[in-house]
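# Architecture at a glance
Letter by letter, the chains look like this.
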There are 2 protein chains.
Amino acid sequence: MRENTVAQLKRAASAEAIETELQRQLAVYSQHSTAYGAHFAELWEITSECILGGKLIRPRLLIGAFDALANSQAETPPVSRDAVIRIAAATELLHYSFLLHDDVIDGDLFRRGRPNLIGTLLQVRRPEPLCASDAVLAQDEAGEQRGPLHWARTSGILMGDLLLSATHQIFAREALPEEIRIRLLDILDHTITESVVGEHLDVGLSDGLVPADLDTVLNMSRLKTATYTFELPLRAALVLAGASARAEMVVGMVGRHLGIAFQLQDDLLSTFGDATEHGKDMFSDLREGKETVIIAYARMSEAWPSIEPYHGRANLTEEDGVFARKLLIECGAEGFIRSLIDEQIRTCIEFLAQPDHQLPVEVIRYIEDLVASLEERRS
Amino acid sequence: MRENTVAQLKRAASAEAIETELQRQLAVYSQHSTAYGAHFAELWEITSECILGGKLIRPRLLIGAFDALANSQAETPPVSRDAVIRIAAATELLHYSFLLHDDVIDGDLFRRGRPNLIGTLLQVRRPEPLCASDAVLAQDEAGEQRGPLHWARTSGILMGDLLLSATHQIFAREALPEEIRIRLLDILDHTITESVVGEHLDVGLSDGLVPADLDTVLNMSRLKTATYTFELPLRAALVLAGASARAEMVVGMVGRHLGIAFQLQDDLLSTFGDATEHGKDMFSDLREGKETVIIAYARMSEAWPSIEPYHGRANLTEEDGVFARKLLIECGAEGFIRSLIDEQIRTCIEFLAQPDHQLPVEVIRYIEDLVASLEERRS
């Protein structure tokens, strides 16, 4: 068997192990929930189904980096691979906790092209089919008038709390050597703080209370997504494999820049990419008036007065969208974001080229593969 | 000095130690927050001020029970008093996390007679003074239209997340003997689950999606408040002092019934008590249409058709309120709740009278003092 076929098989086995562990973690909570009546048991059941539909990006990244480092060492890592899988699976619970509170804050009823937890709960409670205009209903029910949507949103807040709590529990219960336990808790604390700051900034930008300059939007994007998607799994993997504080720091910086690059790539794809391929609603960023780095750049250009009317236009037609996209390309926004991505990748490579990074060649190769997968997505 | 004067001085010293520790914990987070810009730093500063205005009921209960047990033992407890104070202070962060999400869910802008975090943030962002009708504004802004209130509520959700996370961090970071660490994490997990179930049920009741029968309302009240206010501090205190699993279980049951009794007492006070004394808006429970045990009893009585029109009447006058209160007394609701409280206290005393409860006399006396303070509140 060729080396990359072996690697592929290993990756598939890891994905299966993560999935199984995640199912086990959710089953424990589901089982406990039955003691508290039908409503709460149903809530856990629906939440579990929603969580298990994810791509497991963060857990897979964590296991991938851990294996790369563990395989490069003569000595056994200080933490068993089973424990690493438990912690990796918990990062998916954290991810879903963030998604839930994000959906409550944004008033969204859909995610991944399907009704999200709130949308699903609403469907369970009401006979009418769910439609996009249900989001508007929210505002009629939010205040004095209460009903199924208010309860569904409340459930979103509360399940987000339980998943955040479950993440901490799984991290804290693992019988790890004291030093590793504290380093892992440090990473979790740092991650949650940065993700919250990012969300707070994102909403401040959308609500028009924070000026949408390029630096702020770029910083928001890093904090809200890059930290928990790349920095957390990579740093946690290294700590669990017994790496030095120096190696953890370098891989954290690499994760940060790689995370920004992926996030920028996502913004590019959802504005300029093929809608069917990345599974997002075409022109949804434009329609929602999302403050992306693309828009922040366009704001500074002379073309902004002609782009602005399309930004946040709820009833944007496809023709409008195609036209606005053309304007965004012409003003140089697309090219600028591509250059920003290149800059982030260059910074990653510079970190890896430092003589004292204390990272074995297997980890370097693993990160280079991630960079390559980013470059593939662009073509 | 008389014995109870010594006890009083000790209690005052404990309260000061908790306050100091809570200030220290909040200062650490406040200090870190400055790295993330002025908005986030301001958020932590305002949140800290709100938190420090509390009565510290849960931390004081925890320290009180710990001291009672520690003083009764010849051997030193397995956990230092300093560590116990850190954990006790963290229960106040948990309490405030619950309050924050409760305020977001209920659309409230006031708490403890002052603007709550959301209300304060709104005042900071807007020139107009805050008034009760601002809550209604919420619904106009919650959907498409966004603004300062949406950002303030988002901040409420996010700060609730950070405080929940901080509680876990403080519990998990303490260098405790492995067995005690896991027992403490079990208590925290159980507490958060029950509090979430209680809140979920409470909102389901208010939204008219769960039938408001007596058992459900009583159960909701226990889950939402009694578990984290009484069971958590008492059980945690015993575990930290090195008590047996049996003693922990007994004190947990005592805490549960004592918690229900205090909660029922609160319901009685806010419906039949003197408004100025307990600091709540007079008739607010009636006006909001809160599903208390009092109302659940009244629903079953023949008087309900004449009480119902006042329940949930937003523009209830003082005259209406006085009249509805008279009806509630006449239908037997007040007397029934008093008999429920007596039943809870009897159950507590029965648990303490069991021959194998493994609780030293000092702890029994401490709990008897709590029962006495409950009886004092009634007279």
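Where an unreviewed UniProt entry is consulted, chain A appears under the name Polyprenyl synthetase family protein, with the organism given as Leucobacter insecticola. Taken verbatim from the UniProt record of chain A, the Sequence similarities (unreviewed entry) comment is "Belongs to the FPP/GGPP synthase family."

## A closer look at the nonpolar core
Within the largest apolar cluster, 248 residues are counted, with the highest numbers of intra-cluster contacts made by L240 of chain A together with L240 of chain B. Residue contacts for L240 of chain A: discarding those within four places in its chain leaves L62, F66, P77, P78, V79, V84, I87, L176, I180 and L184 of chain A.

## Notes on the pattern of salt bridges
All names here are of chain B. Tallied over the entire structure, the rule returns 44 salt bridges over all chains. Close ionic contact of R181 with E178 constitutes a salt bridge, the shortest N to O distance being 3.2 Å. Taken together, the residues R181 and E178, both in helix α8 (residues 178-206) and three residues apart, mark about one turn of the helix. Residue E178 is classed as partly exposed on the basis of its relative accessible area of 40%. The salt bridge involving R183 is made with E179; its shortest N-O contact spans 3.1 Å. Here the residue R183 and the residue E179 both occupy positions in helix α8, the gap between them amounting to four residues, near one helical turn. The exposure class of R183 is buried, given its relative accessible area of 15%.

## Things to note about the interface of chain B and chain A
Taken together, the contact between chain B and chain A spans 56 residues of the former and 56 residues of the latter. For the pair chain B and chain A, the summed buried surface comes to about 5,500 Å²; carbon and sulfur atoms form 62% of the total. Counting across the interface, chain B meets chain A through two salt bridges. With a closest N to O distance of 2.6 Å, D186 of chain A and R173 of chain B form a salt bridge. One can count 24 residue pairs in polar contact (both at pLDDT 80 or more) joining chain B with chain A. Elements with a minimum of two residues in the side of chain B that touches chain A: α2 (38-51), α4 (81-106), α6 (134-142), α7 (148-173) and α8 of chain B. Counting residues per element, the side of chain B that touches chain A draws most heavily on α8 of chain B, which supplies 18 residues. Here the residues of the side of chain B that touches chain A are counted per class, giving 26 nonpolar, 16 polar and 14 charged.

## Section: helix α13 (residues 293-300) of chain A
Among the residues of α13 of chain A, V293, I294, I295, A296 and A298 of chain A are the ones counted as buried. Residues of α13 of chain A that are buried in the fold lie against α9 (214-240), α10 (245-272), α14 (304-307), α15 (318-330) and α16 (333-353) of chain A.

## Overview of the relation of the copies chain B and chain A
Turning chain B through 180° and shifting it by 0.0 Å along the axis lays it on chain A, with an RMSD of 0.0 Å. Here the copies are linked by what is in effect a two-fold axis. Taken together, the interface assignments show that 100% of the residues at the interface of chain B recur at the interface of chain A, consistent with an identical surface on both copies.

## Comments concerning the packing of aromatic side chains
Any aromatic ring pair is given by two values, namely how distant the centres are and how the planes are angled relative to each other. All names here are of chain A. Taken as a whole and judged by the stated rule, the model has 12 aromatic pairs over all chains. When the centroid spacing of 5.9 Å and the interplanar angle of 65° are considered together, the rings of Y310 and F323 count as edge-to-face. Here the residue Y310 occupies a position in the loop between α14 and α15, and F323 occupies one in helix α15, the gap between them amounting to 13 residues.

Criteria and thresholds
- Residues numbered from 1 in each chain as written.
- Chains lettered and ligands numbered in written order.
- Predicted model: local features only at pLDDT ≥ 70, side-chain atom pairs only at ≥ 80, totals over all residues.
- Heavy atoms only, no water.
- UniProt positions renumbered as here; feature names shortened; annotations may be inferred.
- Core = buried A, V, L, I, M, F, W, Y, C linked by side-chain atoms within 4.5 Å.
- Buried < 20%, exposed > 50% of the residue type's maximum accessible area, 1.4 Å probe, protein only.
- Contact = heavy atoms within 4.5 Å.
- Salt bridge = Lys/Arg side-chain N within 4 Å of Asp/Glu carboxyl O.
- Helix = DSSP H or I, 4+ residues; strand = E, 2+ residues; numbered from the N terminus.
- Buried area = accessible area lost by both parts, 1.4 Å probe.
- Polar contact = N/O pair within 3.5 Å; in protein donor to acceptor, adjacent residues only side chain to side chain.
- Nonpolar A, V, L, I, M, F, W, Y, C, P; charged D, E, K, R; others polar.
- Least-squares fit on C-alpha atoms with pLDDT ≥ 70 in both.
- Phe/Tyr/Trp six-rings, centres within 6.5 Å; stacked < 30°, edge-to-face > 60°.

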